[in-house]
Amino acid sequence: MGKTYERIDGRLRAFIEAQPLFFTATAPLDGEGTVNLSPKGLKGSFAVIDEQTVAYLDFAGSNAETIAHLRENGRITLMWCAFQGPPDIVRVHGRGEPVFRDDERWAELLAHFPGIDPVPHGLRAVIVVRAELIRDTCGYGVPFMTYDEDRDLHRKRFAREDDASLDAYFAKKEHIAASIDGLPGLPLPLPPLPSAAPAE
């Protein structure tokens with residue numbers, strides 16, 4: 001029922017890029033630590049960088065579990081489900097890294113996301129994932145669901161923030177600078193948000 005792929009291309013890439021929602025799973029090395037599972041959406045915030053690498057934008061929120069786990073051990077699984085069309089589930093198991101605003105790769109990475117303005121969403125990091133195992137399986141148990149549109153609440157909530165007020169917001173949250181299990185999370189204060197790389 002399942003198939004393993006060597007690269008993200010062709011039909012597989014088209015399927016991944018067409019999905020309006022995907023999920024990320026991470027965990028700390030400590031066997032007693034908290035496993036994290038997060039939904040990710042917002043059109044334009046995901047990109048296939050090359051046949052082995054994907055990335056997505058990490059926006060402001062009240063936790064930073066994925067960032068903390070990746071900083072500790074790098075393990076991550078991404079999953080996409082077909083809620084419309086033929087049943088399919090795709091998983092990319094790999095090693096991830098949060099790239100922060102002051103990283104020299106920042107502008108180059110942001111250029112892969114031309115369809116979204118990161119400023120109103122309080123962009124914190126770009127999560128880059130290098131695939132180690134790419135698999136798909138049947139999605140027979142996944143229900144049909146329709147996609148209407150992205151919610152505009154995240155943009156409305158964080159568009160009124162600047163870097164200073166975002167720092168204040170993050171400082172008030174218990175699990176931003178450190179994870180639920182006490183691992184280092186988002187480095188604070190946030191460096192200023194640079195501009196995307198200019199078009200050539």
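Calculation rules
Each chain has its residues counted from 1, following the order in which its sequence is written. Two thresholds apply to this predicted model, a pLDDT of at least 70 for residue-level local features and 80 or more for giving and counting side-chain atom pairs, whereas whole-chain, interface and lining totals are computed over all residues. Side-chain measures here rest on the full set of heavy atoms in the structure, leaving out hydrogens and waters. Among buried residues, the Ala, Val, Leu, Ile, Met, Phe, Trp, Tyr and Cys ones that are joined through side-chain atoms within 4.5 Å form a nonpolar core. Using a 1.4 Å probe on the protein chains alone, a residue whose accessible area is under 20% of its type maximum counts as buried, one over 50% counts as exposed, and one in between counts as partly exposed. Strands are runs of DSSP state E lasting at least 2 residues, helices are runs of H or I lasting at least 4, and numbering of each runs from the N terminus. Contacts were defined at the residue level, with two residues in contact if any of their heavy atoms lie within 4.5 Å. Between any two strands, pairing holds if DSSP finds at least two bridges. Defined by distance alone, a disulfide is two cysteine sulfur atoms within 2.5 Å. Relevant arc is that of directions from the helix axis to the C-beta atoms, nothing else. Working definition: rings of Phe, Tyr and Trp (its six-membered ring) pair if their centres are within 6.5 Å, and the pair is stacked with planes under 30 degrees apart, edge-to-face with planes over 60 apart, and tilted otherwise. Salt bridges are identified by distance alone: a Lys or Arg side-chain nitrogen within 4 Å of an Asp or Glu carboxyl oxygen.

### Observations concerning the nonpolar core
Counting 33 residues, the largest nonpolar core has Ile16, Phe46, Leu78, Trp80, Phe170 and Leu186 as its most contacted members. Those elements giving two or more residues to this core turn out to be helix H1 (10-18), strand E4 (46-50), strand E5 (53-58), helix H2 (65-72), strand E6 (75-81), strand E7 (89-100), strand E8 (125-137) and helix H5 (163-172). Sorting elements by how many residues they give to this core places E8 first, with five residues. Ignoring sequence-local partners within four residues, the contact set of tryptophan 80 consists of Phe15, Ile16, Gln19, Leu21, Phe22, Phe46, Asp88, Ile89, Val90 and Val92.

### Observations regarding the pairing of strand E3 (residues 36-40)
Of the two faces of E3, the one holding Asn36, Ser38 and Lys40 is buried and the one holding Leu37 and Pro39 is not buried anywhere. Here five bridges tie strand E2 (residues 22-26) to E3, and the two strands are oriented antiparallel to one another. Looking at the pairing, threonine 26 lines up with asparagine 36 of E3.

### Notes on the state of the cysteines
Tallying each qualifying case throughout the model produces zero disulfides. Unpaired in terms of disulfides, cysteine 81 finds its nearest cysteine sulfur in cysteine 138, a separation of 11 Å. The exposure class assigned to cysteine 81 is buried, which follows from its relative accessible area of 7%.

### Quick word on H1
All of the buried residues along H1 are Leu12, Phe15 and Ile16. Each buried residue of H1 lies within a common arc of 95° when the element is viewed along its axis, so the set occupies one face. Pointing more than 90 degrees away from the buried face of H1 are the exposed residues Gly10 and Ala18. The elements touched by buried residues of H1 are strand E1 (3-5), E4, E6, E7 and E8.

### Quick look at the environment of arginine 155
Take arginine 155: it is sitting in helix H4 (residues 153-158). Assessed through its relative accessible area of 41%, arginine 155 is described here as partly exposed. Sequence separation between arginine 155 and proline 194 is 39 residues, and the spatial gap between their C-alpha atoms is 19 Å. In this structure, arginine 155 is in contact with Pro120 and His121, ignoring residues within four places of it in sequence.

### Re the packing of aromatic side chains
For the coordinates displayed, the defined rule picks out six aromatic pairs. Where phenylalanine 46 meets tryptophan 80, the ring centres are 5.5 Å apart and the plane angle is 70°; that geometry is what we call edge-to-face. In this pair, phenylalanine 46 is assigned in strand E4 and tryptophan 80 in strand E6, connecting sequence segments 34 residues apart. Like phenylalanine 46, the residue tryptophan 80 is buried in the burial classification.

### A word on the environment of lysine 40
Tracing the sequence through the fold places lysine 40 in strand E3. With relative accessibility at 18%, the residue lysine 40 sits in the buried group. Expressed as a C-alpha distance, the spacing of lysine 40 and threonine 66, which sit 26 residues apart in the sequence, is 12 Å. What lysine 40 contacts, discounting residues up to four positions off in sequence, is Pro20, Leu21, Phe22, Thr24, Tyr56 and Asp58.

### Some thoughts on the pattern of salt bridges
According to the stated counting rule, one finds 13 salt bridges in the structure shown. Glutamate 6 is the partner of arginine 7 in a salt bridge, and the nearest nitrogen-oxygen pair spans 3.5 Å. For arginine 7, a relative accessible area of 35% translates into the label partly exposed. Residues participating in the shared-partner salt-bridge network are Glu6, Arg7 and Glu51.

### What about the side chain of threonine 53?
Take threonine 53: it is sitting in strand E5. For threonine 53, a relative accessible area of 8% puts it in the buried group. With sequence-adjacent residues up to four places away left out, threonine 53 is seen in contact with Val48, Val128, Val129 and Arg130.

Bear in mind that shape data such as this cannot, by itself, settle questions of function.
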